[in-house]
Amino acid sequence: MSQNSNTPHNKNQTTFTLDGKTIPFSEGQTIIQAAMAAGEYIPHLCFNPEFKPHGSCKICTVTANGRQTASCTQQPQVDMMVESDTKQINDERRALLQMLFVEGNHFCPSCEKSGDCQLQATAYELDMMSPHFDHFSPNRPLDASHGEYLLDFNRCILCSLCARASSDVDGKNVFSLAGRGIKTHLIVNSKSGKLADTDFTGDDKAAHVCPVGVIIKKRVGFAVPIGKRSFDEHPISATPHPIVKGAI
Amino acid sequence: MNMSTKPKLRIATATLAGCFGCHMSFLDIDERLFDLMELVEFDRSPLTDIKTCGPCDIGLIEGGLCNAENVHVLREFRANCKILVAVGACAINGGLPAQRNHLSLSMILEEVYHAQHGLVDGFIPNDPELPLPLDQVHPIHEVVKVDYFIPGCPPSGDAIWKVLTDLIAGREPELGHGLVHYD
Amino acid sequence: MSQITTHAEYLDPILAHYKLNQHNLLQMLREAQEHFGYIHPEAIDYLEQQLQLPRSMVEGVASFYSLLYLQPHGEYRVLFSDNITDRMLGNMDLMESMCGQLWVEAGKVSEDGLVSINTTSCTGMCDQGPAVLINNIAINHLTQDRINSLCELIRERVPLSGWPLEFFAIEDNIHKKDILLDSNFKFGSALAEVLQRSSEEILQEIKTSKLRGRGGAGFSTGSKWEFCRTAPGAQHYVVCNADEGEPGTFKDRVLLNSYADMVFEGMTICAHVIGAKKGFIYLRGEYRYLLDHLHAILQRRRQQSLLGNNILGYTDFNFDIEIHLGAGAYICGEESALIESLEGKRGTPRNRPPFPVTSGYLNQPTVVNNVETFAAASLIGLHGGAWYANIGTETSSGTKILSVSGDCAHPGLYEYPFGVTVAQVLADCGAKNTQAVQISGPSGICIAANEFERRIAFDDLPTAGAFMVFDQSRDMFEVARNFVHFFKHESCGFCTPCRVGTSLLSNMMNKLANGHGSPYDFAEIEKLNELLLSTSHCGLGHSACNPVLDTIAKFRPAYDKRLTHKEYIPAFDLDYALSQARQMTGRDDTGAHLERIHVSK
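On a predicted model such as this, the values are computed, not experimentally measured, just so you know.

Rules behind the numbers
Residues numbered from 1 in each chain as written. Chains lettered and ligands numbered in written order. Predicted model: local features only at pLDDT ≥ 70, side-chain atom pairs only at ≥ 80, totals over all residues. Heavy atoms only, no water. Helix = DSSP H or I, 4+ residues; strand = E, 2+ residues; numbered from the N terminus. Rg over C-alpha atoms; globule rule 2.2 N^0.38 Å. Buried < 20%, exposed > 50% of the residue type's maximum accessible area, 1.4 Å probe, protein only. Contact = heavy atoms within 4.5 Å. Areas by Shrake-Rupley, 256 points an atom, 1.4 Å probe, with all protein chains shown as cover. Buried area = accessible area lost by both parts, 1.4 Å probe. Salt bridge = Lys/Arg side-chain N within 4 Å of Asp/Glu carboxyl O. Polar contact = N/O pair within 3.5 Å; in protein donor to acceptor, adjacent residues only side chain to side chain. Nonpolar A, V, L, I, M, F, W, Y, C, P; charged D, E, K, R; others polar. Pairing = 2+ DSSP bridges. Axes fitted to C-alpha atoms, helices over the stretch in contact; angles between N-to-C directions. Disulfide = S-S within 2.5 Å. Patch = residues over 30% accessible without salt bridge, like charges linked within 9 Å, V, L, I, M, F, W, Y side chains within 5 Å. Lys, Arg positive; Asp, Glu negative; His and termini not counted. Charge placed at Lys NZ, Arg CZ, Asp CG, Glu CD. Expected span 1.5 Å × (residues − 1). Domains from an automatic or database assignment.

Before going further, it helps to spend a moment on the overall build of chain A. Of regular secondary structure, chain A possesses five helices and nine strands. Its helices and strands taken in sequence order, chain A reads β-β-α-β-β-β-α-α-β-α-β-β-β-α from the N to the C terminus. Relative to the globule expectation of 18 Å for 248 residues, the C-alpha radius of gyration of chain A, 19 Å, shows essentially globular dimensions. In terms of its C-alpha atoms, chain A occupies a principal-axis envelope of roughly 55 × 40 × 35 Å. Evaluated residue by residue, chain A yields a buried proportion of 57% over its 248 residues. Contacts spanning at least 24 positions in sequence make up 63% of the contacts within chain A whose residues lie at least 6 apart. Entry remark: accessible area of chain A is about 10400 Å², with carbon and sulfur atoms responsible for 50%.

The structure is reproduced here in structure tokens:
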């Protein structure tokens, strides 16, 4: 009845299959971590290899031994059959992306992050032609109080990477999630609710992890023209690490 | 009428709450326009100046819905076109005009026609000839069923050409990397 | 509320009571609100400073729970329970009447700051609805007369302590007793038996009893206790899940009101088995009225040596129980979310594995069981596992307490040995012309008349206890729509499919209800259902579609009659979308209107 029955017999030879390919893994790795290490792409947004998996966006959903699960949090078992690049799963991922697009206000043509945005690039990867659902058009005022950075909450997908970076790396807790359900939103750590009144700086890890265009460095937005940005050159699946050049 | 064996497909195009940029991009297919003219003829379109849409094979809609007239035109297209295609960011998610959606229309009209600095005796135009604005700007799929979408602001001439040639050939349109762009 | 110049005045005793322990943040916020009416920004300043917690975390926690307010919400905060059973008893008319009498719009605070009126998820009073919470205290059996009296008391600013006591009366409504409700349990009796024997032997009794969790999932209690007992950890914890939030369920309310000793004793037996020194009851915020009563019983048990150090004289058996109150979050009934909430955080379900039995409260091995499970454990402690296993069916031993509500003559509690048919329950509760029964609440299953011979048991109809009856006059589409709204309101917001999907689903059900439906929308609903089922993070998202899937499968005509259009039409009313412009321009000509559907010229 032990719960640790999946300890591998031979640590050198533990593998699972991902869409028919053999992927080695080591103790503690999750499916997406092992896949990434082997150079395989599984679409994802809230996962960032530098951080502990979070499991909220569900874009990295795969089928593992017949059961759907988030590949960023699920640990593989020896000889597990993992399917990722199937029509059914990609259809579901696309629908999840469409949910994220209608939940916020994502106007790519006027977004500084366009071309460097993981949400957009993942939607390209999955051939998302329209947001499909009806838009929620929420009212999310932006915060331009800080001298160097602005926050455009319209684009937030609630991945919490900034919150995780700020607490786990910077030791600051500048960002947190507040509210519940569809009213969940990002807040900053100040009584005024303004970024300028926090101890946030451009040297923070949190300043550089937003996969979309919420945390934006001022005055550099269009230094690289649209059409010449990361994911204009290569699709996200062919970009080894989702570290975006426009962000620094 | 043209004497080719296959009857030409009829295409209609319209701009709703858009900037005509998508139409300009359409013209960017350049000399391929000659190839296209071998295959299609145009019904209602800014290119023909025909004012109403008759039965068509393909309708291309640029722009979202910001007023009552947009809704009428869109419905006319949906009723007459076998295939309706949303062309460009505004048709697909409202685009730039939809960035007013978090503000109340009353507030906007008040600001523009009454409160704005420098206005004297401003009043909100109420001529029945003018279409009334909707309280929010909507992408076209929120009002009619849309068959295909060509994203981009604007979509490139190549993207429009690819979708049109796919449709004309009876293929499922496919863009792929490099042609799918939201910006 | 009283004029407090410094928030420290009321916060200091709270902070001292909770020993400045940040795991008690939710408890401190709740008590701060009880003192001040809402959580004032300056109160957060003080908590931030005293607890050394980031402000954003305090606000993040406070804003998660629907019974906590970060802005003034009126001296009287009225929340109408909005389960479908309350609706069937006319709660919406009563709310409208109250809003009219007190000059306030639902969902808002009155201009004079006196009162706010809104709806809330089921408050667990379905047998005596329509129900409200006023400043978090339950008032049931609402009638127009009672509403009128409440309005007067509020207008006169009479403090709740001065209101007629009968308003706060809450009945047990027990209609059928079996081994548990009829046990005449004497406190300490089970523990006296149990402590004479080794913890191994008691674990064996629990396993022999084949007791399964009463929260609905039915995991073997013996296995759970054993996993936890053998899991390494500096401390082991016992947690009683009394976050009875599933709409239509109210048995734990009665168990804690009248059978609390059995529950506490079951927890103590569990502590004996797993080696725990500390236990928690996570009591839903809506049951705030039970708090003093439960504290008194705990205190009595300490005096009787049934809790505390050297329990009943057994050296080294030390165990005590603390009560944590929730603050309006159904998701905290999910055990890992409950543990997060116990730790003073937002109630977001954890990634699993690890499971609570190995890594629960403060990442220590933790048993989380339902109130009824612990009460049953007391019986097993007293009478033995074999006795218990003989009751019920092969796969489902013992009895189940059902919370019966809806269209029946005698709503209330009914205890049966497992295996009872739905038809039997319907006959006993005086239900007539029954169209459907919702078993185990919105996350459970909806059954139609041709299934009434099915049995309450883990291998047929598993249930946490809710048994809502709908007669032929009820519109099953509206039942499903009410449940979908519930899930939307209670989604924690962590994962994309549930956060956005429950809102989309709710919008689509509203679209059908508003007469804008077409077969296109129907296909969309089915697609959303599948997505929620396959990609959601936890059971809430998985089951959010159950009410719709079940009612589509079994009551299709209720949907068909709403698919009034053959072609797709918009969810919003186009003509209404011009009304602001009409008002601003003063126009009302034909061009100033839009037909709902396309009319060819």
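From this point on, the discussion continues.
Moving on: unusual backbone geometry. In terms of backbone geometry, most residues other than glycine have negative phi values and most peptide bonds are trans. All names here are of chain C. Look at the link from G129 to P130: it is a cis peptide, with omega at -5°. Inspection of the secondary structure assignment puts P130 in the loop between β2 (115–120) and β3 (132–134). Cis rather than trans, the peptide bond between R352 and P353 has omega equal to 0°. Examined against the element boundaries, P353 turns out to sit in the loop between α14 (335–342) and β9 (366–370). Of note, the phi angle at D316 is positive, near 75°, even though the residue is not glycine. Structurally, the position occupied by D316 is in the loop between α13 (291–303) and β8 (320–325).

Okay, the interface of chain A and chain C next. Each partner contributes residues to the interface: chain A has 37 residues there, and chain C has 50 residues. Both sides together, the interface formed by chain A and chain C hides about 3300 Å², and carbon and sulfur atoms give 57% of it. On the surface where chain A and chain C come into contact, there are three salt bridges. Between E490 of chain C and R180 of chain A there is a salt bridge, with its nearest N and O atoms 3.2 Å apart. Between the two partners, chain A and chain C, sit 22 residue pairs in polar contact (both at pLDDT 80 or more). At the level of secondary structure, the elements contributing two or more residues to the side of chain A that touches chain C comprise α2 (87–103), β7 (175–178) and β8 (185–188) of chain A. For the side of chain A that touches chain C, the leading source of residues is α2 of chain A, giving six residues.

This next bit is on the interface of chain A and chain B. Taken together, the contacts link 29 residues of chain A with 22 residues of chain B. The junction of chain A with chain B conceals about 2000 Å² of combined surface from both sides, 60% of it contributed by carbon and sulfur atoms. Of all residues in chain A, F107, Y124 and M129 of chain A bury the most surface against chain B, accounting for 33% of the area lost on that side. Counting every contact that joins chain A to chain B gives zero salt bridges. Taken together, chain A and chain B are joined by nine residue pairs in polar contact (both at pLDDT 80 or more). Going through the elements one at a time, α3 (118–125) and α5 (230–233) of chain A are the ones with two or more residues in the side of chain A that touches chain B. For the side of chain A that touches chain B, the class distribution of residues is 14 nonpolar, eleven polar and four charged.

Quick look at the sheet that holds β3 of chain C now. The strands that make up a sheet are held in pairs by hydrogen bonds between backbone atoms, and each pair lies either parallel or antiparallel. Residue and element names in this part refer to chain C. Taken together, four strands build an open sheet; the order of strands is β2-β1-β3-β4 and the sheet is mixed. Where the open sheet ends on each side, the last strands, each with one partner, are β2 and β4 (137–139). Taking each pair of neighbouring strands and ignoring which way they run, the sheet shows an average axis angle of 25°. Pairing analysis gives six bridges linking strand β1 (residues 76–81) to β2, with the strands arranged parallel. For V78, the partnering residue across the bridge sits in β2 and is I117. Its contacts with the sheet place helix α6 (residues 91–102) against β1 and β2, and it is angled at close to 165° to β2.

Any covalent bond linking the sulfur atoms of two cysteines counts as a disulfide. This model, assessed by the stated rule, comprises zero disulfides over all chains. Free cysteine C111 of chain A: the closest other cysteine sulfur is in C117 of chain A, separated by 6.3 Å. The thiol of C408 of chain C is not disulfide-bonded; the next cysteine sulfur, from C429 of chain C, is found 4.1 Å away.

To continue, consider a nonpolar patch on the surface. All names here are of chain B. Judged by side-chain polarity, F20, M24, L27 and L47 come together as a nonpolar surface patch covering roughly 360 Å² of accessible area. Summarising the element assignment, L47 is placed in the loop between β2 (40–42) and β3 (56–62). By relative accessible area, which is 41% here, L47 ends up partly exposed.

Our focus in this paragraph is a negative patch on the surface. Taken together, the side chains of D28, D30, E31, D35 and E38 of chain B present a region of like negative charge at the surface. Positionally, E38 of chain B belongs in helix α2 (residues 32–39).

Now for the pattern of salt bridges. The final tally for this structure, using the stated rule, is 64 salt bridges over all chains. Across the pair E201 of chain C and R197 of chain C runs a salt bridge whose closest N-O atoms are separated by 3.9 Å. Judged by its relative accessible area of 39%, E201 of chain C is partly exposed. A residue is classified by how much of its surface remains accessible, and R197 of chain C, at 29% relative accessible area, is partly exposed. By sharing partners, the salt bridges in this structure join K191 of chain A together with D45, E48, R55 and E59 of chain C into a single network.

Turning our attention to the sheet that holds strand β6 (residues 237–242) of chain C. Residue and element names in this part refer to chain C. On the basis of which strands lie adjacent, the open sheet formed by four strands has the order β8-β7-β6-β9 and parallel pairing. In this open sheet, the two strands that pair with only one neighbour each are β8 and β9. The sheet shows a mean angle of 20° between the axes of neighbouring strands, taken without regard to direction. Sheet topology places β6 next to β9; five bridges connect them, and they run parallel. Bridged to C240 within β9 is N369.

All names here are of chain C. In terms of residue burial, strand β11 (residues 412–417) counts as a mostly covered element, since five of its six residues are buried. Bridge count between strand β5 (residues 174–176) and β11: two bridges; the pairing is parallel. Counterpart to I174 in the pairing with β11 is L413. Alignment of strand β10 (residues 399–406) against β11, held across six bridges, turns out to be antiparallel. Paired with T399 across the bridge in β11 is P417. Hairpin geometry of β10 and β11 is characterised by an intervening segment of five residues between the two adjacent antiparallel strands.

The subject of this paragraph is α2 of chain A. Over its 17 residues, α2 of chain A extends 24 Å from the first C-alpha to the last, a length consistent with the 24 Å expected when each residue adds 1.5 Å. The buried count for α2 of chain A comes to 13 of 17 residues, which makes it a mostly enclosed element.

This part takes up the domain arrangement of chain C. Residues and elements named next belong to chain C. Each assigned domain of chain C is listed with its residue range as follows: domain 1 (8–62), domain 2 (76–171), domain 3 (175–389), domain 4 (399–476) and domain 5 (481–560). Between the C-alpha centres of domain 3 and domain 5 there is a distance of 34 Å. Contact with domain 3, which involves ten residues of that partner, is made by eight residues of domain 5. For the domain 3 and domain 5 pair, buried surface summed over both sides reaches about 800 Å², with 74% attributable to carbon and sulfur atoms. Looking at the side of domain 3 facing domain 5, the largest losses of area belong to Y330, I331 and P349, adding up to 52% of the total buried there. For the interface between domain 3 and domain 5, the tally reads zero salt bridges. The interface formed by domain 3 and domain 5 holds two residue pairs in polar contact (both at pLDDT 80 or more) in total. Tallied by class, the residues present in the side of domain 3 that touches domain 5 amount to five nonpolar, four polar and one charged.

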